[in-house]
Amino acid sequence: MRYRAPDAAALLTAELDAFTAIFHRPSGITHLLASPAREILALLGEEPLDGDMLLARLADRYDVADATRDALAARLDELVVAGLVEPL
Amino acid sequence: MADALILARALADPQSLALDTDWIGLITTARAEQLLGTLAYRLDGLPLPEDVALLLADARASAENGRRAALWEAEMARRALAPLDCPVVLLKGTAFVAAGSLAGRGRSIGDCDILVPRAALDRVEAALLAAGWEWVKPDPYDDAYYRRWMHELPPLIHRTRDRMIDVHHTILPPTARITPDAAALLADAEPLGNGLSVLSPRDLIVHAAAHLFADGDLAGGLRNLWDIHCLIDDHGSDGLAARAAHHGLTRETARALRLCHRLFDTPVAPEHRDLRGGDALYLRRVLARDDWGRPIRPATRFAFYVRSHWLRMPPAMLARHLWTKWRR
Amino acid sequence: MRHQFTVRIGPIGFRVGSDWAAPIAALQDLYRYYPSPNLPDFTVRLEATHWWRRWLRPSIRIGGDYMLPEAAPLPLGFGLLAAEMAMNLQLALGGRRYLLLHAACVARDGEALLLTGESGAGKSTLATLLAARGWRFLSDEFALIDPETGLVHPFPRLISLKNAAIATAIAARPDAKLGPLLVGTPKGDIRHMVPDALAVGAMDEPARPALLLYPRHGFAAEKRGVPPAESFVRLTQASTNYVAMGEAGFTALTRLVRAVPAQAIDYPDGATAIDQVEALWRTR
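To keep things clear, this report deals only with the structure shown in the data block. (Residues numbered from 1 in each chain as written. Chains lettered and ligands numbered in written order. Predicted model: local features only at pLDDT ≥ 70, side-chain atom pairs only at ≥ 80, totals over all residues. Heavy atoms only, no water.)

## Regarding the interface of chain B and chain C
For interface size, the figure often reported is the accessible area lost on association.
Then, in step 1: Contacts between the two partners involve 18 residues from chain B and, on the opposite side, 23 residues from chain C.
Then, in step 2: Of the roughly 1700 Å² buried at the junction of chain B and chain C (both faces included), carbon and sulfur atoms supply 51%.
Then, in step 3: When the area that chain B buries against chain C is broken down by residue, the three leading residues are Ile24, Arg31 and Trp292 of chain B, summing to 43%.
Then, in step 4: Inspection of the region where chain B meets chain C yields three salt bridges. (Contact = heavy atoms within 4.5 Å. Buried area = accessible area lost by both parts, 1.4 Å probe. Salt bridge = Lys/Arg side-chain N within 4 Å of Asp/Glu carboxyl O.)

Now the structure itself:
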């Protein structure tokens, strides 16, 4: 299954120390994300990816090497429930 | 006594407002009738006192946030129901903004109302519960009442977004004396291109009329009539009479047209241009709001309240319902 | 309505209608130096719960543009409290021009100190004590943040003093004008104090937020820096209209928590708190 996130124009972001505050324009909902959720969101906003591709890009681009497949699935589920990521 | 006629006139003909209008009275009436956002869009761009313009700009911004939130609820319902592969038709305010109707401009939108086939109701319910919606009230009497007698599931609220969804399988309760053709509503709905659809232009009007007269106690009646005025402005009213007859809602639709014409100068066929018996009472009811936002004409209001229950249920049931409600 | 009153408090205009003369007379007396609005932003209604309740055991239903269905009626003797609660409620639920933070606010040299915390944290008392020492009082209830400028606008309504705070505030400002002592309200004893002349005279002058404090009463003196993300979460919860403000609320709040240093302070008593606040203000 592939996942998709809104492109950057749909999000308003503000870095707040260890967190990123995100205003999601289509919903008007504010989210406070930490790593690696914000990196996941950024990658999926560029193009839809499946779990394996996402894991590889996270390691490649952000040095998030310790992410396991299970942990990633849990983060993705949270993002899907929040409406930030849509399974295709 | 001052009533909401000032608001109806302002909506119908914004240019007619004088600079020395009782602005606070107009604004308060509009707020109380949930029409401030609508009024704010109607008056946008006209020369207004500065404070009035500022207040209405706030109301437009607020309505825009509301529009966005309503469309998002529809989108989340779409995502939850997409695997079921059943038609999902948006109703009322959400439908107006999704379809870009004039009726959606500035409209306040509360719950997300959707229409699905009755046969799919159980699957829809399960899918929504799995996607984070919960029952609003776990009261067994109310639940049994809804399932047995209503045209919708008991209301569901989303756990984190705190927004309600009403899932309908038709547009009037099975106990009402009129049974609209739910299959035709679904069959003729117009796709929005994202997996959701809205009722056809004629059905939008017929539904609004049904909701106003055959179901409700006319609370929010002025807003409903404004919806109908806008829907006619969008698409005209050709073919409306035939469609209303098909659903058994000729009387309700004709009355809505007469009241709209009287209140808003809505363009209607010649036979709907004069008021008929009983219309005056309806006008008294939909305009029963004073310039302090207070409900007025309590006797008229109560008459319509009783009538709404009468229409919905046979008398014995009505007694049982009022009794159960009263005992608590 | 039969009895009417209008007032402008900072940028917010109200009109209050009442079935009785007494609440309006009290408002006219206490708000006598306040201006009248060109256009009230909100309407408040103090209505009899039933028509006969206008005379017999008079009971006020708090109404207006925005209402809470569960709000309990108040006896006529608490009419001033009912009016104040209703005005607050309108702004809290209906305000859309400013991001509303549940906070007391005072200023010095055009720079504002925001005190936010739950009811009972001593916001009203601290703001009153600071005002008695020369700070300009902006509000004891709401900080109005303008999303366009980031400035905080005054909302110097009557200061609502509760229980022990009544004596403390009167000791600090012995010549202040006071409303009637309301004994045994749902929130205990309440007395309204009119803000000083500086606060009322400068109600149209906003200030730049410079320090954000989260006070907590009844603990040994302590302070702790609060990082922006924590402030952000706490202030979204302390705001009555953050969600309704949409993008403007997000912009205003993220700007505020990034620009303004924040500290949580515990304090045992008012005098200690004042010293803590003055020290933090000097080193902000």
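Moving on from the model shown.
## Considerations on unusual backbone geometry
Then, in step 1: For the peptide bond that leads from Ser35 of chain A to Pro36 of chain A, omega is 0 degrees, which places it in the cis range.
Then, in step 2: Structurally, Pro36 of chain A is set in the loop between strand 4 (29-33) and helix 1 (37-46).
Then, in step 3: A positive phi angle is found at Arg57 of chain C, which is not glycine, with a value near 40 degrees.
Then, in step 4: If you check the backbone angles, Asn163 of chain C has positive phi at about 50 degrees while not being a glycine. (Helix = DSSP H or I, 4+ residues; strand = E, 2+ residues; numbered from the N terminus.)

## Description of the sheet that holds strand 5 (residues 164-168) of chain B
All names here are of chain B.
Then, in step 1: Read from one edge to the other, the open sheet built from seven strands follows the order 3-4-5-2-1-7-6, with strand pairing classed as mixed. Two strands in the sheet have a free side with no partner beyond their single neighbour: strand 3 (133-135) and strand 6 (190-191).
Then, in step 2: Running at roughly 95 degrees to strand 3, helix 4 (residues 50-81) makes contact with strand 1 (88-91), strand 2 (112-115), strand 3, strand 5 and strand 7 (196-198) of the sheet.
Then, in step 3: Where helix 6 (residues 121-130) meets the sheet, its contacts fall on strand 3, strand 4 (156-158) and strand 5, and the angle it forms with strand 3 comes to roughly 110 degrees. (Pairing = 2+ DSSP bridges. Axes fitted to C-alpha atoms, helices over the stretch in contact; angles between N-to-C directions.)

## Notes on helix 12 (residues 250-264) of chain B
Then, in step 1: Over its 15 residues, helix 12 of chain B extends 21 Å from the first C-alpha to the last, a length consistent with the 21 Å expected when each residue adds 1.5 Å.
Then, in step 2: Here helix 12 of chain B lies mainly inside the structure; 11 of its 15 residues are buried. (Expected span 1.5 Å × (residues − 1). Buried < 20%, exposed > 50% of the residue type's maximum accessible area, 1.4 Å probe, protein only.)

## Observations concerning the interface of chain A and chain B
Then, in step 1: If you look at the interface, chain A gives 12 residues, while chain B gives eight residues.
Then, in step 2: For the pair chain A and chain B, the two sides together bury roughly 700 Å², of which 55% comes from carbon and sulfur.
Then, in step 3: The tally of links from chain A across to chain B stands at two salt bridges.
Then, in step 4: Between Glu86 of chain A and Arg79 of chain B there is a salt bridge, and its shortest N-O distance comes to 3.7 Å.
Then, in step 5: Residue assignment for the side of chain A that touches chain B shows that the elements contributing at least two residues are strand 3 (19-24) and helix 3 (69-81) of chain A.
Then, in step 6: Partitioned by chemical class, the residues of the side of chain A that touches chain B number six nonpolar, four polar and two charged. (Nonpolar A, V, L, I, M, F, W, Y, C, P; charged D, E, K, R; others polar.)

## Some words on the pattern of salt bridges
Then, in step 1: Under the criterion given, the structure shown has 46 salt bridges over all chains.
Then, in step 2: The closest approach of N and O atoms between Arg78 of chain B and Glu86 of chain A, which form a salt bridge, is 2.8 Å. With Arg78 of chain B in helix 4 and Glu86 of chain A in strand 6 (residues 86-87), this residue pair bridges two chains.
Then, in step 3: In this structure Arg78 of chain B comes out as buried when scored by relative accessible area, which is 16%.
Then, in step 4: By relative accessible area, Glu86 of chain A is classed as buried at 11%.

## Things to note about the nonpolar core
Then, in step 1: If you look at the biggest cluster of nonpolar residues, it comprises 65 residues, and the most contacted ones within it are Leu39, Leu222, Leu225, Ile228, Leu263 and Phe264 of chain B.
Then, in step 2: No other element matches helix 9 (residues 201-215) of chain B, which puts eight residues into this core.
Then, in step 3: Leaving out residues up to four positions away in the same chain, Leu225 of chain B has contacts with Leu212, Ala256, Leu259, Cys260, Leu263, Phe264 and Val286 of chain B.
Then, in step 4: Of all hydrophobic cores here, the second largest spans 39 residues; its members include Phe14, Ile62, Tyr98 and Leu144 of chain C. (Core = buried A, V, L, I, M, F, W, Y, C linked by side-chain atoms within 4.5 Å.)

## What to know about helix 2 (residues 23-32) of chain B
Then, in step 1: Of all 10 residues that make up helix 2 of chain B, nine are buried, and the element is covered over most of its length.
Then, in step 2: The inward-facing, buried residues of helix 2 of chain B abut helix 1 (5-12), helix 3 (36-42) and helix 4 of chain B together with strand 2 (12-18) and strand 3 (42-48) of chain C.
Then, in step 3: Looking one or two places after helix 2 of chain B, you find Gln34 of chain B, whose phi comes out positive at around 55 degrees.

## With respect to the packing of aromatic side chains
Then, in step 1: For the coordinates displayed, the defined rule picks out 11 aromatic pairs over all chains.
Then, in step 2: Geometrically, the ring pair formed by Phe23 of chain A and Phe250 of chain C is tilted, given 5.7 Å between the ring centres and 40 degrees between the ring planes. Of this pair, Phe23 of chain A sits in strand 3 while Phe250 of chain C is found in helix 8 (residues 247-259), placing the two residues in two different chains.
Then, in step 3: Using a relative accessible area of 2% as the deciding quantity, one classes Phe250 of chain C as buried.
Then, in step 4: Judged by centre distance (5.0 Å) and plane angle (80 degrees), the ring pair of Trp226 of chain B and Phe264 of chain B falls under edge-to-face. With a gap of 38 residues between them, Trp226 of chain B in helix 10 (residues 221-235) and Phe264 of chain B in helix 12 connect regions that are remote in the sequence.
Then, in step 5: By the ring-pair criterion, three or more aromatic residues cluster together here, those being Phe14, Phe42, Tyr66, Phe142 and Phe155 of chain C.
Then, in step 6: Over the ring of Phe219 of chain C we find Arg216 of chain C, and its NZ or CZ is 4.0 Å from the ring centre.
Then, in step 7: Between Arg284 of chain C and the ring centre of Trp281 of chain C, over which it is positioned, the NZ or CZ distance is 3.9 Å. (Phe/Tyr/Trp six-rings, centres within 6.5 Å; stacked < 30°, edge-to-face > 60°. Lys NZ or Arg CZ within 6 Å of the ring centre and 35° of its normal.)

By themselves these figures say nothing about function.
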